[in-house]
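# Examination of the molecular architecture
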Amino acid sequence: MTEFFAPVSRRRFLITAGASAVSSVLLKGCLGNPPEPTATSPSPAGTPAANVPADQAPEVTTAKLGFIPIVESAPMIIAKEKGFFAQYGMPDVDISKQANWGAARDNVEIGSAGGGIDGGQWQMPMPYLISEGLITKNNAKIPMYVLAMLNSQGNGIAIANNQAGKGLGLDSSKAKDYIVGLKQANTPFRAAYTFPRANQDLWIRYWLAAGGINPDTDVSLLTVPAAQTVANMKTGAMEAFSTGDPWPARIANDKIGFMAALTAEIWPYHPEEYLAMRADWVDKHPKATKALLKGLMAAQQWCADPANTTELATILAGAKYFNVPVAVIEPSLTGTYTMGDGKPDIKDPEKGVRYWSSPRGSLSYPYKSLDLWFITESVRWGFLPASYLDDNAKALIDKVNREDLWREAAKEAGVPDADIPSSPSRGVEKFFDGKEFNPDDPKAYLASLAIKKA
Ligand code: CA
């Protein structure tokens, strides 16, 4: 193991004095019968919850968190709706719907003081790109902290119906001749993602390149906001898109397309979206940050309990959140997918969106090794200079990734030791095409890839 992934940084890790009796009771409630929500009887605004130990009382009772209406946002919405933020002294958290990822970026750039947001839900590596000033106005560097993973899986690559029968499945090599032919005929295959240089762009690039299709030269890539993907596929504006549930399910339900692959098939238990906030907000409100994390962890455990699936789908379906029928959301929560185009349907909860734990480790803890994959993949496609894989990556990840705060919050919440990773590295990652990412040697992973810009 390299110095980078030495077990648990002690530099910022303050040992906390064990969980309070109150939070232990709360945790048992989360794992078994969920506690009665306090959302129905919240503390008066500005008053910390009575059961929060004095030394953990948050500095403020509110924070403004942005969300995008896809299943990734469920833990934040549930933490608000089921009173988990309130139970940790944050009854006034504002969960604010963002029109698209660009709007979320603009809103975090101005912060809540300017009418924007303090943080919220992000595709990776957006918090890094914002911190580095690579996607902000005038390249302003807005330091951000990555605090927790929100979810794994629950994403996929959808294909328009008029592309049926062309071999567009998990193994894209079967469609390579077809796609290259489209390019040669000057009618390139158009594939959309919801924001460039982030998860969905990276998933569609990985999937194409694994089959020998160069995403930079053999197809046309474009940005379409998640909420417009169904309409754009209906009107023939693109042949494929990569986005979060419930949109792929809508494509299948509305019979306008089929699924080529689920991200769960490309990379089981892959990192998906994250909670990240402005560093200045976190530095000013460290206890409130941990209260948010404790509420989020309780919500993730609640979301992961199959007994809560119908209630979860019902809350997400509401007008102020996703504003879609419950029946559109529930399948992805149970791993139920109509794949189409001759592929067998999938009905496996382990292939659906996951919120808390997995055979590959915690799905809430923000592993530094997974951040390094996003940086490596960004170098692969020329989004970041290759120098990021030298000394820069370690320094940057140590600056942006606050797994130390996650650990402190988990201890305070009484999360069992078994659910708290012992190392910031998740170890070697394996992809569907046989490639491996060893976080101790990211350059070997890059060297193993046939198609890349770097
Ligand atoms: Ca996503």
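These remarks concern the structure in this document. What you see as residue numbers is a count from 1 along each chain, following the sequence as written. Side-chain atom pairs in this predicted model are given and counted only at pLDDT of 80 or more, local residue features only at pLDDT of at least 70, and totals for whole chains, interfaces and linings cover all residues. As a convention, hydrogens and water are excluded, and side-chain values are obtained from all of the structure's heavy atoms.

## Here's the deal with the packing of aromatic side chains
- Think of it this way: a Phe, Tyr or Trp ring, Trp meaning its six-membered ring, pairs with another when their centres are within 6.5 Å, and the plane angle makes it stacked under 30 degrees, edge-to-face over 60, tilted otherwise. In total, this model carries 14 aromatic pairs according to the counting rule given.
- For the pair Tyr206 and Phe431, a centre-to-centre distance of 4.8 Å together with 20° between the ring planes defines the contact as stacked. In this pair, Tyr206 sits in helix α7 (residues 199-210) while Phe431 sits in the loop between β15 (429-430) and β16 (436-437), placing the two residues 225 residues apart along the sequence.
- Here the term buried applies to any residue with accessible area under 20% of the maximum for its type, exposed to any over 50%, and partly exposed to those in between, with areas from a 1.4 Å probe on protein chains only. When its relative accessible area of 1% is taken as the criterion, Tyr206 is described as buried.
- Taking relative accessible area as the criterion, Phe431 reaches 6% and is therefore assigned buried.
- Both rings, one in Tyr206 and one in Phe432, keep their centres 6.4 Å apart while their planes meet at 65°; by these two values the pair is edge-to-face. With Tyr206 in helix α7 and Phe432 in the loop between β15 and β16, this pair connects stretches of sequence that are 226 residues apart.
- Residue Phe432 is classed as partly exposed on the basis of its relative accessible area of 28%.
- The rule is short: NZ of Lys or CZ of Arg within 6 Å of the ring centre and within 35 degrees of the ring normal puts a charge over the ring. Its guanidinium or amino end placed over the ring of Trp381, Arg205 lies 5.1 Å from that ring's centre, counting from NZ or CZ.
- Geometry around Tyr145 places Arg402 over its ring, the cationic atom sitting 4.8 Å from the centre. Numbering of helices and strands starts at the N terminus; helices are DSSP runs of H or I of at least 4 residues and strands are runs of E of at least 2.

## Some words on the pairing of strand β1 (residues 64-67)
- The criterion for strand pairing is that DSSP finds at least two bridges linking the strands in question. Sheet topology note: the β1/strand β2 (residues 94-97) ladder contains 4 bridges and is parallel. Opposite Gly66, over in β2, you have Ser96 as the bridge partner.
- In the sheet, β1 pairs with strand β3 (residues 119-122) via 2 bridges, with the strands oriented parallel. Paired with Leu65 across the two strands is Gly119, which belongs to β3.

## Considering the sheet that holds strand β5 (residues 155-160)
- One open sheet accounts for 5 strands, arranged β7-β6-β8-β5-β9; its pairing is mixed. Edge positions in the sheet fall to β7 (220-223) and β9 (257-262), since each of these pairs with one other strand and no more. Neighbouring strand axes in the sheet, compared pairwise and without regard to direction, differ in orientation by 25° on average.
- Pairing between β5 and strand β8 (residues 240-244): 5 bridges, direction antiparallel. Counterpart to Ile157 in the pairing with β8 is Ser242.
- Between two residues, a contact is recorded if the distance between any of their heavy atoms is within 4.5 Å. To obtain each axis, a line is fitted to C-alpha atoms, and for helices this fit is confined to the stretch in contact; angles are then taken between N-to-C directions over 0 to 180 degrees. Packing of α7 onto the sheet brings it into contact with β5, β6 (190-193), β7, β8 and β9, and relative to β8 it is tilted by some 130°.

## Comments concerning the coordination of the calcium ion
- Think of the donor list as every N, O and S atom within 2.8 Å of the metal, or within 3.2 Å for Na, K and Ca; water never makes the list, so a site can look incomplete. Around the calcium ion, the protein contributes the donor atoms Glu72 (OE), Asn155 (OD1), Gln200 (NE2), Glu272 (OE) and Glu273 (OE), which lie 2.2 to 2.6 Å from the metal centre.
- Read in sequence order, the donor residues coordinating the calcium ion give the pattern E-x82-N-x44-Q-x71-E-E. Of this pair, Glu72 sits in the loop between β1 and α2 (74-81) while Gln200 sits in helix α7, placing them 128 residues apart in sequence.
- We classify Gln200 as buried; its relative accessible area is 0%.

## Re the packing of helix α13 (residues 309-317) against helix α14 (residues 326-333)
- Contact pair α13 / α14: the axes reach a minimum separation of 9 Å and the direction vectors enclose 135°. It follows from the interaxial angle that α13 and α14 lie oblique. The interaxial crossing formed by α13 with α14 has right-handed handedness. Facing α13, whose interface residues are Thr309, Thr310, Leu312, Ala313, Thr314, Leu316 and Ala317, α14 presents Val326, Ile329, Glu330 and Leu333.
- Residue polarity follows a fixed list, in which Ala, Val, Leu, Ile, Met, Phe, Trp, Tyr, Cys and Pro are nonpolar, Asp, Glu, Lys and Arg are charged, and the others, Gly among them, are polar. Taken together, the residues that form the contact of α13 with α14 break down as 7 nonpolar, 3 polar and 1 charged. The cut-offs work like this: below 35 degrees is roughly parallel, past 145 is roughly antiparallel, 65 to 115 is roughly perpendicular, and the gaps in between are oblique. In this scheme the handedness of a crossing depends on how the near helix is turned from the far one: anticlockwise by less than a right angle means left-handed, clockwise means right-handed.

## Notes on the sheet that holds strand β10 (residues 274-278)
- The 5 strands lie next to each other as β2-β1-β3-β10-β4, forming an open sheet whose pairing is mixed. Each edge of the open sheet is held by one strand with a lone partner, namely β2 and β4 (144-149). Across the sheet, the axes of successive neighbouring strands diverge by a mean angle of 30°, strand direction being ignored.
- Contacts from helix α12 (residues 286-304) reach β4 and β10, with the element oriented near 25° to β4.

## Focus on the side chain of Ser242
- By the secondary structure assignment, Ser242 is in strand β8.
- Polar contacts involving the side chain of Ser242 include one to the main-chain carbonyl oxygen of Gln200, which spans 3.2 Å.
- When residues no more than four places from it in sequence are discounted, the contact partners of Ser242 are Gly156, Ile157, Ala192, Tyr193, Thr194, Gln200, Trp203 and Ile204. Pairing of N or O atoms within 3.5 Å defines a polar contact, subject to two protein rules: one partner must be a possible hydrogen donor and the other a possible acceptor, and residues neighboring in sequence count only if both atoms are side-chain atoms.

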